[in-house]
Amino acid sequence: RAELDDTPSGIESFDIDRWLAEGALGFGGNQRIRLRLRAWEGVGQLFTETPLADDQLVEDAADGSQQISATVLDTAQLRRWLLSLGARVEVLAPPALRAAMAEEVHAAIQRYAS
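(A) Main features of the packing of aromatic side chains. Under the definition given, this model contains one aromatic pair. Note on Phe-47 and Trp-81: the rings are 5.6 Å apart at their centroids and 70° apart in plane angle, and the pair reads as edge-to-face. Of the two residues, Phe-47 sits in helix 2 (residues 43-49) while Trp-81 sits in helix 3 (residues 76-84), which places them 34 residues apart along the sequence. Relative accessible area serves as the criterion here: at 30%, Trp-81 is assigned to the partly exposed category.

Structure follows, in structure tokens:
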């Protein structure tokens, strides 16, 4: 049951665009990175339909893949989402993110191998 409460919220102004740009739904992270990745099997279409950032670029490659670059916040949610795309994406840069993705995938392979 909901009731209207006339008590002021204390929020004088709220800018949802700024809130989202600051990573509110990304579960933390304040470091902006220039993400570069290669996508296969139609995943590149996701990026054209729902861009990651205003400065995103999507380039078609001769092998049918797409190379995507965008400036994004490095968040736990970004990393989980990239991992969820499996072999359909390869993080190319930044090097630290690429290494973290490779380490996570390698650990998963080790679990399945034993």
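(B) Spatial organisation of a nonpolar patch on the surface. Where nonpolar side chains cluster on the molecular surface, the patch consists of Ile-11, Phe-14 and Ile-16 and spans about 320 Å² of accessible area. Structurally, Ile-16 is set in helix 1 (residues 16-21).

(C) Structural context of the side chain of Ser-65. With respect to the helices and strands, Ser-65 occurs in the loop between strand 2 (57-60) and strand 3 (66-73). Take Ser-65: its relative accessible area is 1%, and that puts it in the buried class. Polar contacts involving the side chain of Ser-65 include one to the side chain of Arg-38, which spans 3.3 Å. A distance of 2.6 Å separates the side chain of Ser-65 from the side chain of Asp-63, its partner in a polar contact. In this structure Ser-65 touches Arg-38, Ala-39, Trp-40, Glu-59 and Asp-60, once residues within four positions along its chain are discounted.

Cut-offs and rules
Residues numbered from 1 in each chain as written. Predicted model: local features only at pLDDT ≥ 70, side-chain atom pairs only at ≥ 80, totals over all residues. Heavy atoms only, no water. Phe/Tyr/Trp six-rings, centres within 6.5 Å; stacked < 30°, edge-to-face > 60°. Helix = DSSP H or I, 4+ residues; strand = E, 2+ residues; numbered from the N terminus. Buried < 20%, exposed > 50% of the residue type's maximum accessible area, 1.4 Å probe, protein only. Patch = residues over 30% accessible without salt bridge, like charges linked within 9 Å, V, L, I, M, F, W, Y side chains within 5 Å. Areas by Shrake-Rupley, 256 points an atom, 1.4 Å probe, with all protein chains shown as cover. Salt bridge = Lys/Arg side-chain N within 4 Å of Asp/Glu carboxyl O. Polar contact = N/O pair within 3.5 Å; in protein donor to acceptor, adjacent residues only side chain to side chain. Contact = heavy atoms within 4.5 Å.

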